[in-house]
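Structural overview for review
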Amino acid sequence: MRRYLLNRLWQSVVTLVLATIVVFVGVRALPGDPALALAGEDRDPESLRAIRQQYGLDQSWLVQFWQFISHAARGDLGESIRTGTPVRSMIFSALPVTIELSVLAILIAGVIGVGAGVVAAVRRGGPAEWAANALALLGLSVPHFWLGLMAILYLSVALGLFPASGFVPFFTNPVDNLHHLILPALILGTGLAAVIMRQTRSSMLDALSADYIRTAEAKGLPPKAVIGKHALRNSLIVVVTIVGLQLGALISGAVVTERIFALPGFGKLTVDAVFQRDYPVIQAVVLVTATAYIVINLLVDLLYSVIDPRIRVRGEA
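Everything in this summary refers to the structure shown in the same document. (Residues numbered from 1 in each chain as written. Predicted model: local features only at pLDDT ≥ 70, side-chain atom pairs only at ≥ 80, totals over all residues. Heavy atoms only, no water.)

This brings us to the overall build of the protein. When you go through the protein residue by residue, the secondary structure sums to 14 helices and 0 strands. Moving toward the C terminus, one meets the helices and strands of the protein in the order α-α-α-α-α-α-α-α-α-α-α-α-α-α. In the protein, which comprises 317 residues, the proportion classed as buried is 39%. Total accessible area computed for the protein in this model is approximately 17300 Å², and 67% of it derives from carbon and sulfur atoms. (Helix = DSSP H or I, 4+ residues; strand = E, 2+ residues; numbered from the N terminus. Buried < 20%, exposed > 50% of the residue type's maximum accessible area, 1.4 Å probe, protein only. Areas by Shrake-Rupley, 256 points an atom, 1.4 Å probe, with all protein chains shown as cover.)

Written out as structure tokens, the structure reads:
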């Protein structure tokens with residue numbers, strides 16, 4: 001197990017270093033000059049030179065990269081060149097909103113997707129499977145922005161069941177916090193629930209046709225034990241892979257949902273930074289997102305070895 005863990009950690013570190021290089025070069029390749037944006041109407045050469053010198057934009061990319069990586073290693077992500085606010089405080093303010101939204105969306109998607117997938121596989125060929133497949137197709141086909149707008153129009157404006165926008169911190173009022181987030185989390189989780197449902201159904205069908213399931217049934221095990229303890233557990237690897245990857249995707253891809261429901265999360269921070277050519281904020285946002293992907297994938301790899309010890313054995317070989 002130790003060798004398996006060290007191998008995955010080493011791969012994660014290399015991936016993070018490469019991601020850092022790509023982030024730095026990609027941000028510098030964006031069109032536009034942040035010095036021009038900061039100068040406003042006062043764009044004489046002296047002002048532009050002073051701005052570039054103040055923010056280190058006049059130095060070579062190699063020097064800028066070294067300063068970025070050395071400061072980031074100490075937890076210093078710099079200051080916003082637009083507002084002067086420390087980037088770390090901006091991320092600490094926006095990231096919890098997106099993480100909470102993503103976790104709620106994953107929980108909703110997991111409960112709906114796994115439950116519907118198991119029912120569709122066990123009740124194959126019946127009305128339950130047809131209904132589950134129809135809902136999955138609907139969830140994959142309907143765009144999130146349209147579904148979010150319809151939910152606001154009917155569930156918030158017409159019926160008044162949920163707030164149409166805004167955010168309340170969890171520690172300020174937990175009930176009000178969930179009341180504001182449950183609708184955007186439901187909208188964000190619909191597509192993921194459809195993917196989880198289809199993959200769970202496919203994996204369950206393969207598991208239910210395996211020899212060890214027939215052996216378990218021949219021993220007289222009750223159907224709940226056969227399905228839950230044997231078939232479902234061996235189907236979870238695919239589900240864990242999807243959930244792990246999608247959690248990272250939700251953290252970086254909840255931009256549209258956050259904009260529709262006016263949530264002060266990572267999406268708003270990212271869009272504002274890109275439009276303002278705020279290099280330190282863009283670098284920090286993408287670096288945090290890449291780190292989240294890497295950490296989540298590492299945890300998924302370790303969870304594989306818990307679900308199926310054969311993977312751990314192959315990793316140590």
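Having seen it, we continue.
With that out of the way, let us pick up the packing of helix H6 (residues 127-141) against helix H8 (residues 174-208). One way to put it is that H6 packs onto H8 with a least axis distance of 8 Å and a crossing angle of 140°. With respect to H8, the axis of H6 lies oblique. At the point where H6 passes H8, the crossing takes the left-handed sense. Mapping the contact onto sequence places Glu129, Ala132, Asn133, Ala136, Gly139 and Leu140 in H6 and Thr190, Gly191, Ala194, Val195, Met197, Arg198 and Arg201 in H8. Looking at the contact of H6 with H8, its residues break down into 6 nonpolar, 4 polar and 3 charged. (Axes fitted to C-alpha atoms, helices over the stretch in contact; angles between N-to-C directions. Parallel < 35°, antiparallel > 145°, perpendicular 65-115°, else oblique. Left-handed = near helix turned anticlockwise from the far one by under 90°. Contact = heavy atoms within 4.5 Å. Nonpolar A, V, L, I, M, F, W, Y, C, P; charged D, E, K, R; others polar.)

A word on the environment of valine 22. Among the structural elements, valine 22 can be located in helix H1 (residues 2-28). Take valine 22: its relative accessible area is 59%, and that puts it in the exposed class. Once the C-alpha coordinates of valine 22 and leucine 287 are considered, the two residues, 265 residues apart in sequence, prove to be 9.7 Å apart.

Our next topic: the packing of helix H7 (residues 144-158) against H8. The packing of two helices is summarised by the inter-axis angle and the distance between the axes. Here H7 crosses H8 at 145°, and the two axes come no closer than 10 Å. Once H7 is placed against H8, the crossing between them reads as right-handed. Judged by residue contacts, His144, Leu147, Gly148, Ala151, Leu155 and Ser156 of H7 engage Leu183, Ile187, Leu188, Thr190 and Gly191 from H8. The residue inventory of the contact of H7 with H8, partitioned by class, reads 6 nonpolar, 5 polar and no charged.

In terms of nonpolar packing, the biggest core is built from 33 residues, with Leu101, Leu188, Leu192, Ile196, Leu250, Phe261 and Leu263 touching the most fellow members. Mapped by element, the contributors of at least two residues to this core are helix H5 (87-122), H7, H8, helix H9 (211-218) and helix H10 (223-253). Among the elements that take part in this core, H8 stands out by supplying 11 residues, more than any other. Sequence-distant contacts of phenylalanine 261, that is, excluding residues within four places in its chain, are made with Gly148, Ile152, Ala164, Ser165, Gly166, Leu183, Pro184 and Ile187. Formed by 21 residues, the second largest nonpolar core is a distinct cluster that contains Val87, Met90, Ala284 and Leu287. (Core = buried A, V, L, I, M, F, W, Y, C linked by side-chain atoms within 4.5 Å.)

A separate point is the pattern of salt bridges. Taken as a whole, this structure holds 3 salt bridges when the rule is applied. Here glutamate 129 ties to arginine 201 by a salt bridge, and the two come within 2.4 Å at their closest N and O atoms. Taken together, the residues span a long stretch of sequence, with glutamate 129 in helix H6 and arginine 201 in helix H8 at a distance of 72 residues. Across the pair, exposure class does not vary: glutamate 129 and arginine 201 are buried alike. Salt bridges linked by common partners bring Arg259, Lys268 and Asp272 together as one network. (Salt bridge = Lys/Arg side-chain N within 4 Å of Asp/Glu carboxyl O.)

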